[in-house]
Amino acid sequence: METPDRRYRHLEENSSDLIFLLNEAGVITRMNAASKRALGFRPDEMVNESLFEFISDGPDSDPDLYRTAAREKLRHTLDSENPVKFRSLLRMKQIIAGMEMNLSLQKNAVDGKTEVLVKSTTVYPEASELFLKRERGSYLISSNIAEGEIITRGLIARLGRY
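Conventions we followed
- Residues numbered from 1 in each chain as written.
- Predicted model: local features only at pLDDT ≥ 70, side-chain atom pairs only at ≥ 80, totals over all residues.
- Heavy atoms only, no water.
- Helix = DSSP H or I, 4+ residues; strand = E, 2+ residues; numbered from the N terminus.
- Buried < 20%, exposed > 50% of the residue type's maximum accessible area, 1.4 Å probe, protein only.
- Areas by Shrake-Rupley, 256 points an atom, 1.4 Å probe, with all protein chains shown as cover.
- Phe/Tyr/Trp six-rings, centres within 6.5 Å; stacked < 30°, edge-to-face > 60°.
- Lys NZ or Arg CZ within 6 Å of the ring centre and 35° of its normal.
- Pairing = 2+ DSSP bridges.
- Axes fitted to C-alpha atoms, helices over the stretch in contact; angles between N-to-C directions.
- Contact = heavy atoms within 4.5 Å.
- Expected span 1.5 Å × (residues − 1).
- Arc of directions from axis to C-beta.

Concerning the overall build of the protein chain
Inference 1: From N to C terminus, the protein chain includes 5 helices and 5 strands.
Inference 2: The N-to-C order of helical and strand elements in the protein chain reads α-β-β-α-α-α-β-β-β-α.
Inference 3: Of all 162 residues assigned to the protein chain, the portion counted as buried reaches 28%.
Inference 4: Of the roughly 11400 Å² of accessible surface on the protein chain, 54% is carried by carbon and sulfur atoms.

Examining the packing of aromatic side chains
Inference 1: As enumerated under the stated definition, the model contains 1 aromatic pair in all.
Inference 2: Seen in terms of ring centroids, Phe41 and Phe54 are 5.0 Å apart; in terms of plane orientation they differ by 80°. Their pairing is edge-to-face. Here Phe54 lies in the loop between helix H3 (43–46) and helix H4 (65–79) and Phe41 lies in the loop between helix H2 (34–39) and H3, a separation of 13 residues in the sequence. Accessibility assignment for this pair places Phe41 and Phe54 in one class, buried.
Inference 3: One cation-aromatic arrangement involves Arg71 over Phe52; the distance from NZ or CZ to the ring centre is 4.6 Å.

Examining the pairing of strand E1 (residues 18–22)
Regular strands place side chains that alternate from one sheet face to the opposite one.
Inference 1: Extensive coverage of E1 is indicated by the burial of 5 of its 5 residues.
Inference 2: Of the two faces of E1, the one holding Leu18, Phe20 and Leu22 and the one holding Ile19 and Leu21 are both buried throughout.
Inference 3: By the bridge criterion, 3 bridges tie E1 to strand E2 (residues 28–31) in an arrangement that is antiparallel. What sits directly across from Leu21, in E2, is Arg30.
Inference 4: Hairpin connection between E1 and E2: a loop of 5 residues separates the two successive antiparallel strands, and Gly26 in this loop has a positive phi of roughly 90°.

A few points about the sheet that holds strand E5 (residues 113–122)
Strand pairing in a sheet is mediated by backbone hydrogen bonds. Such pairs are either parallel or antiparallel.
Inference 1: With antiparallel pairing, 5 strands are arranged side by side in an open sheet as E2-E1-E5-E4-E3. Two strands bound the open sheet, and with one partner strand each, they are E2 and strand E3 (84–90). For this sheet, the mean inter-axis angle between neighbouring strands, taken without regard to orientation, is 30°.
Inference 2: In the packing of H4 onto the sheet, the strands contacted are E1, E3, strand E4 (99–110) and E5, and the crossing angle to E3 comes to about 155°.

Regarding H4
Inference 1: Between the first and last C-alpha of H4 there are 21 Å, a value that for 15 residues agrees with the 21 Å anticipated at 1.5 Å per step.
Inference 2: Taken residue by residue, H4 has Arg67, Ala70, Leu74, Thr77 and Leu78 as its buried positions. Taken down its axis, H4 places every buried residue within 95° of arc, on the same side.
Inference 3: Check the buried side of H4 and you find it contacts E1, E3, E4 and E5.

Set out below in structure tokens:
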């Protein structure tokens, strides 16, 4: 029979979500294999590195914006007993664009040490956004046809007076 630790380890390693541990300074102390699938980094490339090194740059006006926000969320997690959830853009290894992720941080005390358990899931565009993007062209055509019909009826009505 498997021990509970082995079962949880199996779940963690086979999860499609990033699951990792941070120390109080934000350094990654453990990372599951999903890092390779999601971001292109092997777990050993991320362990002992600061989480903030994997946060993408913000806009040109404030390149450190996302890292500053993530630092605030980590600080809030360490000061609170409640989980903290937020979205951030994580850097990918070989792609310039970052991956938008939902991050959930939970403070844990293990053997007298404080650590933060992080679960990070990919943000998928909402169904309504995808529908609107896909249907935008047909909507524009339909809208233009409807406007054309209204204008045509108005012209016909005016011409009918003569």
